[in-house]
Amino acid sequence: MTKTGGGPRPRGTWWREGAVTATAFVLCLLGGVVQVDDTLTAPPAAAYVIAVVSCAVLPLRRRAPLAVLAATTASGVLVAPLGLLLSPLIVAPALITAYSYALTARTERRAAGAVLGTSLVLLAASTPLFGGVSWQDASRMGSVAAFPLMAGVLGHSVRNRRAYLAAVEERARRAEESRDGEARRRVAEERVRIARELHDLVAHQITLANAQATVAAHLFDIRPEQTRKSLRELVETTGHALDELRSTVGLLRQSGDTAGPAEPAPGLSRLPALLASFRGAGLEVSVEQEGTARPLAPGVDLTAYRIVQEALTNVTKHAATGTARVHLAWSRDRVTVTVADDGEGAVAVHGRPPGYGLIGMRERATAAGGQLSAGRRPEGGFLVSAELPLPPARPGGAP
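### Thoughts on the nonpolar core
- Among the nonpolar cores identified, the biggest contains 32 residues, and Val308, Leu312 and Val326 are the most heavily contacted of them.
- Of all elements in the fold, only helix H8 (271–280), helix H9 (298–318), strand S2 (323–330), strand S3 (334–341), helix H10 (357–367) and strand S5 (382–389) reach the threshold of two or more residues within this core.
- The element contributing the most residues to this core is H9, with eight residues.
- The residues touching valine 326, leaving out its near neighbours within four places in the chain, are Leu275, Val285, Ser286, Val287, Glu288, Val308, Leu312, Thr338 and Val339.
- In this structure, Ala46, Ile90, Val91 and Val144 belong to the second largest nonpolar core, which totals twelve residues.

### Remarks on the packing of H9 against H10
- Where H9 meets H10, the closest approach of the two axes is 10 Å, and the angle between their N-to-C directions is 165°. One element, H9, and the other, H10, form an angle in the roughly antiparallel class. H10 is crossed by H9, and the crossing has left-handed handedness. Contact with H9, carried on its side by Leu302, Thr303, Arg306, Ile307, Glu310, Ala311 and Asn314, involves Gly357, Met361, Arg364 and Ala365 of H10 and no other residues of that element.

### Describing the pattern of salt bridges
- Evaluated as defined, the whole model comprises eleven salt bridges.
- Residues arginine 179 and glutamate 176 are paired through a salt bridge, measuring 2.4 Å at the closest nitrogen-oxygen approach. Of the two residues, arginine 179 and glutamate 176 are both situated in helix H6 (residues 135–219); the distance of three residues between them amounts to about one turn of the helix.
- Note on glutamate 176: relative accessible area 38%, which makes it partly exposed.

About the cut-offs
- Residues numbered from 1 in each chain as written.
- Predicted model: local features only at pLDDT ≥ 70, side-chain atom pairs only at ≥ 80, totals over all residues.
- Heavy atoms only, no water.
- Core = buried A, V, L, I, M, F, W, Y, C linked by side-chain atoms within 4.5 Å.
- Buried < 20%, exposed > 50% of the residue type's maximum accessible area, 1.4 Å probe, protein only.
- Helix = DSSP H or I, 4+ residues; strand = E, 2+ residues; numbered from the N terminus.
- Contact = heavy atoms within 4.5 Å.
- Axes fitted to C-alpha atoms, helices over the stretch in contact; angles between N-to-C directions.
- Parallel < 35°, antiparallel > 145°, perpendicular 65-115°, else oblique.
- Left-handed = near helix turned anticlockwise from the far one by under 90°.
- Salt bridge = Lys/Arg side-chain N within 4 Å of Asp/Glu carboxyl O.

Structure follows, in structure tokens:
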């Protein structure tokens, strides 16, 4: 990339400038071979003067393009007074400068004005002052005036081409960044989803297992039969935990791996079994329904189930109470899931970091298009309430 201003230029730039200058010098001398009387002779001293003066300023055309264009045009004006034939070859430095100026000018209007001015000046310089204009003179005048315009048009086309390629590269770069950002976003969302699933099932099953083990340890000596029942329930609970953990971890398989048949995602239809597991752990749960139950979308159904599961798990772990209430209220466009208890509130455990239960429930509700609120009740205890959307009812009242 060529640097402008007073800074150093790369070595390749100097080689390129030297080649351009040498080529322009040779073209100027070739233009001096043809004399005014159409005879061919060796380049006279005037041709060398024009070539040296006009080519000496060419390396500066990127730093001061307009000044170099004026200097090379002025050199072309001096061709005829020095007894030389004004032709496109002898004004090659002016043509090169016109191309460069059209390539680098700040605005298209300035480039067009400068190139058009150069063309008109050279046209005027090539016009005979005395005598008639022959067909040969008119052809030479037209070529002298047309070549700067052609050089300017070529420079403008190259400039537009470069701008187009730069815009295409920029769009490609932004598209690549957008794809990378979208991939990172999807990976992050998948990680959060799997983390929510693992937290919900592990917290629920481990809490139940801990409660059942506590009951078994407490009744081991005084009520052996009850102890054996608690241990059987503990075995079932840990078995369910392993099954759900295996199913969730299966989501991390590669796309080419062979996965076993997946168990259907849980929903409110499995609520009785869920509540039975809590009752087996010593938490009495009552259920109330208001309105007519309707089928839920799979994602919303899973969200409702997980919110009830996590809320009851929090009651078991943190609330100093043995009872909880689950209330399902069905309206025209949403179902409200409420879990309440009368406990004394969360029990702080020294040294244990805060959990992610409420965060996960709120994220689930938001992802399903609903909302969740949680907090202490004025009359005591804790309340979790989630409003989740229902699919629109079909005509005729059919679900």
